[in-house]
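The chain contents come next:
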Amino acid sequence: MARSYDAILEKTALQPTRQGLRDLLENDDPELLQALTRHAYHVKTRELGRNVYFRGIIEFSNICTKDCYYCGIRKSNHLVNRYELSEEEILREARWCYENHYGSLVLQSGERRDPAFVDKIEWLLKEIKSLSHGSLGVTLSVGEQDLKTYERWFQAGAHRYLLRIETSNPRLYSSLHPKSHSWEERRRCLDYLRQSGYQVGTGFLIGVPGQTFDDMAGDILFLKEIDIDMVGMGPFIPHEETPLGSSAPFDPLRQLTLGLKMIALVRMVMKDVNIAATTALQALSPTGRELGLRAGANIIMPNVTDLAYRRGYQLYQNKPGLDENAVEQRINLEQSIEALGEKVCYGEWGDSLHFKKRQKG
Ligand code: SAH
C-alpha cells in the first residue's frame, strides 16, 4: 500500500513544514521508506539525470585545534598518531585524480587557522590548478576561517567549500562541543563563504545523542532557509576514544535508515542541489553509498588518500576503506553504480545546478 504515502510526499515536496517533516522522520513504516526513496529518486532523475560525480577526497592531515565531543581526531584524543601529508604527497594524489579523470577533488583535514596552514593551502590550490591545466575542480573542507582567508583560497582556485553546521539547533550544538566552539561563528562562516563566491555545502550529524526528530526537521528547513548549494551529511557513528563514544546504545540499522530518509527528504525539498552519499553510510552497510544514491544523492567522494595514512583519519569507528586502494575503489564503485543504472560522469566538475541557476538570477 505504498501508494497511500504519495499524496503526503507530494505535499511535503511542494510545501515542507516542520511538523510534516517531523512526522515523516518519526514514522518507521518500511512502506514509507520505500515510497520516500522512490519519490526522491524520481526528483533526482528529473532534475539531474542518472548521473554521479566523483570527488576524490584527500584527507591530508588529522591535526586539529578543535575538540568536538563526537570526533575521533579531536584535539584531546591523545591516542591518535597525528600526521600531515607533504606537499609532494598531496600533489601526487591530486595528479592521480587528474589522470583517472575525476573531475574534482576535495582537500579535507582537521581545523587549523595558523598562517603556515593558510599559506600551504593557497600554494597547493595553485599547484593543483597548474598540474591539471585548470581542469580539476577543487572543493575545500578545512573548517572555520576568516573572510579574508576564504577569499584568498577562492582567488587561488577553490570554488566549492564544505562546512557542516552539524546541527541547526544552537542548543544541541553547544551540548556537542566545548564552550569555546560557537554555533554562531560557524553559521557566520557559511555567509562568508557565500560572500566570497563559493558554491557552499553544509550538512549535519544524523542521529547524534540528544537530537530529536524536530531538530532533524529543522535541519532540512535550515538548508532551504540559507538556500544551500550542496549537502554532505551522514549518520553519527560513535568513536570510543571520544566523550560520546558510549553515550547511547548504538543501532546501526536505525542510523542507516535515518541517514537515507534525510537524503530523500533533502532531495525532495531542495531538488537540484548536489547531495553526497557519504562514507558514514558505507560504514553502516557495505552498500550504504549505493543506497544513498537510490535515495537521491548524486555525489560520491572516493578516498584517494595513501593507504599508509588512512588509519589516522578515523572520525568514527569502523571507517571503511582502510585497505582498499584508490584503483580498486574506483573499479568497484564504477561497477556498483552502473548496476544501479547510473552513469559516472568522468572529467566534469559536476557543479551544483542550484548554484548555477541562482547565478543566472
Ligand atoms: N575539520 C573539518 C572537516 C573534517 S571532519 C571541518 O571542521 O569542517 C568532517 C565531518 O566528519 C564533520 O563535519 C562531522 O560532521 C563528521 N564526523 C565527525 N565525527 C563523526 C562521527 N563520530 N560520526 C559521524 N560523522 C562524524
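Presented here is an overview of the structure given in this document. What you are looking at is a predicted structure, and each value in this text was computed from that prediction instead of being measured.

Definitions and cut-offs
Residues numbered from 1 in each chain as written. Predicted model: local features only at pLDDT ≥ 70, side-chain atom pairs only at ≥ 80, totals over all residues. Heavy atoms only, no water. Core = buried A, V, L, I, M, F, W, Y, C linked by side-chain atoms within 4.5 Å. Buried < 20%, exposed > 50% of the residue type's maximum accessible area, 1.4 Å probe, protein only. Helix = DSSP H or I, 4+ residues; strand = E, 2+ residues; numbered from the N terminus. Contact = heavy atoms within 4.5 Å. Near = heavy atom within 4 Å. Polar contact = N/O pair within 3.5 Å; in protein donor to acceptor, adjacent residues only side chain to side chain. Areas by Shrake-Rupley, 256 points an atom, 1.4 Å probe, with all protein chains shown as cover. Nonpolar A, V, L, I, M, F, W, Y, C, P; charged D, E, K, R; others polar. Salt bridge = Lys/Arg side-chain N within 4 Å of Asp/Glu carboxyl O. Phe/Tyr/Trp six-rings, centres within 6.5 Å; stacked < 30°, edge-to-face > 60°.

1. Considerations on the nonpolar core
Nonpolar side chains tend to gather and get buried jointly when the protein is soluble and globular. Core analysis: the largest hydrophobic core is formed by 100 residues, its most contacted members being Phe60, Leu105, Leu107, Leu140, Trp153, Tyr161 and Tyr198. Considering each element in turn, this core owes the most residues, 11 residues, to helix H10 (residues 252-270). Apart from the residues lying within four places of it in its own chain, the contact partners of Leu107 are Ile58, Phe60, Ile90, Ile128, Val138, Thr139, Leu140, Ser141 and Val142. Among the nonpolar cores identified, the runner-up in size contains 9 residues, and Val106, Ile299, Met301 and Cys345 belong to it.

2. A word on the site of the ligand
The immediate surroundings of the ligand are formed by 19 residues, with Tyr70, Ser109, Arg164, Glu166 and Ile237 found nearest. In this structure, a nitrogen atom belonging to the ligand sits 3.0 Å away from a main-chain N or O atom of Ser109. One of the side-chain N or O atoms of Arg186 is found 3.4 Å from an oxygen atom in the ligand. Look at the ligand: alone it shows 560 Å² of surface, and the protein chains cover 92% of it. In the shell around the ligand, the residues fall into 10 nonpolar, 5 polar and 4 charged.

3. A word on the pattern of salt bridges
In the structure shown here, the tally under the stated rule is 28 salt bridges. Residues Arg113 and Glu185 are paired through a salt bridge, measuring 3.9 Å at the closest nitrogen-oxygen approach. Pair noted here: Arg113 is in the loop between strand E2 (104-109) and helix H5 (115-131) and Glu185 is in helix H8 (residues 183-196), with a separation of 72 residues, a long-range link. In this structure Arg113 comes out as partly exposed when scored by relative accessible area, which is 39%. Measuring nitrogen to oxygen at the nearest pair gives 3.6 Å for the salt bridge that ties Glu166 to Arg186. Placement of Glu166 in the loop between strand E4 (160-162) and helix H7 (170-176) and of Arg186 in helix H8 is noted, with a sequence separation of 20 residues between them. Several salt bridges converge on common partners, so that one network encompasses Lys66, Glu111, Glu144, Glu166 and Arg186.

4. Things to note about the packing of aromatic side chains
All told, the structure shown has 12 aromatic pairs when counted by the stated rule. With a centroid separation of 5.0 Å and 75° between ring planes, the pair formed by Tyr150 and Tyr161 is classed as edge-to-face. Of the two residues, Tyr150 sits in helix H6 (residues 147-156) while Tyr161 sits in strand E4, which places them 11 residues apart along the sequence. Judged by its relative accessible area of 0%, Tyr150 falls in the buried class. One aromatic cluster is present, formed by Phe54, Trp96, Tyr102 and Tyr346 through successive ring pairs.

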